[in-house]
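Residue-level structure breakdown
Here is what each chain is made of, one letter per residue.
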Amino acid sequence: MPIVEVTDLTKTFSKLEAVKGVSFNIHEGEVFGFLGPNGAGKTTTISMLCTLIRPTSGSAKLNGYDVILDKNAVRRSIGLVFQDTTLDDHLTAEQNIMFHAFAYGVPRRTRISKTEELLTMLGLWDRKNDKISTYSGGMKRRLEIARGLVHLPKILFLDEPTLGLDPQTRNNIWKYVLKLRDEQSLTIFLTTHHMDEAEYSDRISIIDEGRIVAIDSPNSLKRRVDGDIVTIKSNELGRIMDRLQNVFSLIPRLEGDSVVVQVTDGESFIPDFLRSYEGLIDSVSLSRPTLEDAFLDLTGRTIRDES
């Protein structure tokens, strides 16, 4: 039985239908990525699942509890890590965790043991008596994850969990998160703008204009994109764009200092293009489609456009 069951969930604000009958299931111990452009209905869907707003129609159950009929049981079943920190800077790390556990009614003995266990696992036990105002961004993120787990939830919602952190800190946080998933069969519901982070998902749901447009594993989503990706670097990007459009009938796009284009057979295309183009090209590279390319193919936008 899935630990999250969503069936025809909708949400209408006045005349705006923000979420249009989305349905999906999540299995226990799964990392489930949830991606979508701004305004796609991503935040609204998550808010309904976390009982922050009431659905207009449809149903959703988390850990067997209905988000409308069993709000308190749903809230006890989930942990939340928001984009922006909600820690109390005037309290120590241990006090932040203990207060959260107390608010959730965790018995005193369990509060004490679980706080030590989580802070030790996340590498923060030696800083347990330090105020949060002295913590780095990465330490705060780890502490928020610990706080979200202290009441023993079955599902952890991570909303942009590593936003603003450097790649090394992001990787370290994910080591801790995946360790928790493996040891506790924790189910993780993830939203992120980092495609390398989305690759940690077992499955990814892409939502656009209030509807689910795809649910699949990262590799399967990438395989949906036909052909190869060619990236051309040059100081003459305008001329290259024109030639790709007018001579080769392709649809290129600009990404920073490069032109990126999708072609059927990259190995044949590159020599043809280089022979026909008389300008200066710094480099040409060939790659298979990425998760970013799959997102673009399904929504018409890159995730970087939306971040």
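Since we're looking at a predicted model, the values are computed, not measured. Residue indices begin from 1 for each chain and proceed along its sequence in written order. Reporting in this predicted model follows two pLDDT cut-offs: at least 70 for local features of residues, and 80 or more for side-chain atom pairs to be given and counted; totals over whole chains, interfaces and linings ignore these cut-offs and use all residues. In computing side-chain properties, one takes all heavy atoms of the structure into account and sets aside hydrogens as well as water.

**What about the pairing of strand β9 (residues 203–208)?**
With a 1.4 Å probe rolled over the protein chains alone, any residue whose accessible area is under 20% of its type maximum counts as buried; one over 50% counts as exposed, and the rest are partly exposed. Comment: elements are numbered from the N terminus, with helices defined as DSSP H or I runs of at least four residues and strands as E runs of at least two. Burial of β9 is extensive: five of the six residues sit out of reach of the surface. Only strands that DSSP links by at least two bridges are regarded as paired with each other. One ladder, built from four bridges, connects strand β3 (residues 31–35) with β9; its direction is parallel. The partner of Gly-33 across the bridge, within β9, is Ile-204. Sheet topology places β9 next to strand β10 (residues 211–216); five bridges connect them, and they run antiparallel. Across the sheet, Ile-204 pairs through a bridge with Asp-216, a residue of β10. Count of turn residues in the β9/β10 antiparallel hairpin: two residues, of which Glu-209 carries a positive phi of about 55°.

**Overview of the side chain of Lys-140**
Position of Lys-140 relative to the elements: it lies in helix α5 (residues 137–149). An unpaired buried charge is present at Lys-140: no salt bridge exists, and Asp-89, the closest side chain of opposite charge, is 4.3 Å distant. Residues scored as positive are Lys and Arg, those scored as negative are Asp and Glu, and His as well as the terminal groups of each chain are ignored. Each salt bridge in this description consists of a side-chain nitrogen of Lys or Arg and a carboxyl oxygen of Asp or Glu lying within 4 Å of one another.

**With respect to the environment of Ile-3**
Topologically, Ile-3 is positioned in the segment before β1 (4–13). Take Ile-3: its relative accessible area is 6%, and that puts it in the buried class. A sequence separation of 73 residues divides Ile-3 from Arg-76, and the C-alpha atoms of the two residues are 14 Å apart. Each residue touching Ile-3, except ones within four places of it in the same chain, is listed here: Ile-26, His-27, Glu-28, Lys-61, Leu-62, Asn-63, Gly-64, Lys-154, Ile-155 and Thr-187. Two residues qualify as a contact provided that any one of their heavy atoms is within 4.5 Å of a heavy atom in the partner residue.

**A short note on the layout of surface pockets**
When its volume is computed, the largest pocket comes out at roughly 390 Å³. Every residue lining the largest pocket is counted, 25 residues in all, and those nearest its centre are Thr-43, Ile-46, Gln-83, Asp-159 and Thr-191. Of all the elements in the fold, those that place two or more residues in the lining of the largest pocket are α1 (42–49), β6 (78–81) and β7 (155–159). It is α1 that provides the largest number of residues to the lining of the largest pocket, a total of five residues. Residue type decides the class: Asp, Glu, Lys and Arg count as charged, Ala, Val, Leu, Ile, Met, Phe, Trp, Tyr, Cys and Pro as nonpolar, and the leftover types, Gly among them, as polar. Looking at the lining of the largest pocket residue by residue, the classes come out as eleven nonpolar, eleven polar and three charged. Taken together, Val-225, Ile-229, Leu-250, Ile-251, Pro-252, Arg-253, Val-260, Val-261, Gln-262, Asp-293, Leu-296 and Asp-297 make up the full set of residues lining the second largest pocket. Going through the elements one at a time, β13 (258–263) and α11 (291–299) are the ones with two or more residues in the lining of the second largest pocket. Within the lining of the second largest pocket, the residues separate by chemical class into eight nonpolar, one polar and three charged. A cavity, in this analysis, means grid points on a 1 Å lattice covering only the protein atoms where a 1.4 Å probe fits yet has no way out; a pocket is instead an open set bounded by protein on both sides within 12 Å along at least five of seven lines, and a residue lines either one if it has an atom within 4 Å of a point. Grid points are joined across faces, edges and corners, and a volume is the space filled by probe spheres set on the points.

**Considerations on unusual backbone geometry**
The phi torsion of most residues other than glycine is negative, and most of the peptide bonds are trans. A positive phi is found at Thr-51, a non-glycine position, where the angle reads about 65°. Relative to the helices and strands, Thr-51 is located in the loop between α1 and β4 (57–62). For Leu-152, which is not glycine, the phi dihedral falls at a positive 60°. Mapping Leu-152 onto the fold places it in the loop between α5 and β7. Taking the relative accessible area as the measure of exposure, Leu-152 reaches 49% and is therefore partly exposed.

**Considerations on the pattern of salt bridges**
Per the counting criterion, the structure on display carries 15 salt bridges. With a shortest N-O distance of 2.5 Å, Glu-30 and Arg-203 are connected by a salt bridge. With Glu-30 in the loop between β2 (16–26) and β3 and Arg-203 in strand β9, the pair connects residues that are 173 residues apart, well separated along the chain. Overall, the relative accessible area of 7% leaves Glu-30 in the buried class.

**Some remarks on the sheet that holds strand β12 (residues 253–255)**
Reading across from one edge, β12-β13-β11-β14 is the order of the four strands in this open sheet, with antiparallel pairing throughout. Of all the strands in the sheet, the pair left with one neighbour each is β12 and β14 (283–287). For this sheet the average axis-to-axis angle between neighbouring strands, irrespective of direction, equals 30°. Bridge count between β12 and β13: three bridges; the pairing is antiparallel. Within β13, the position partnered with Leu-254 by the bridge is Val-259. The axes used here are C-alpha line fits, helices contributing only the stretch in contact, and every angle between their N-to-C directions lies in the interval 0 to 180 degrees.

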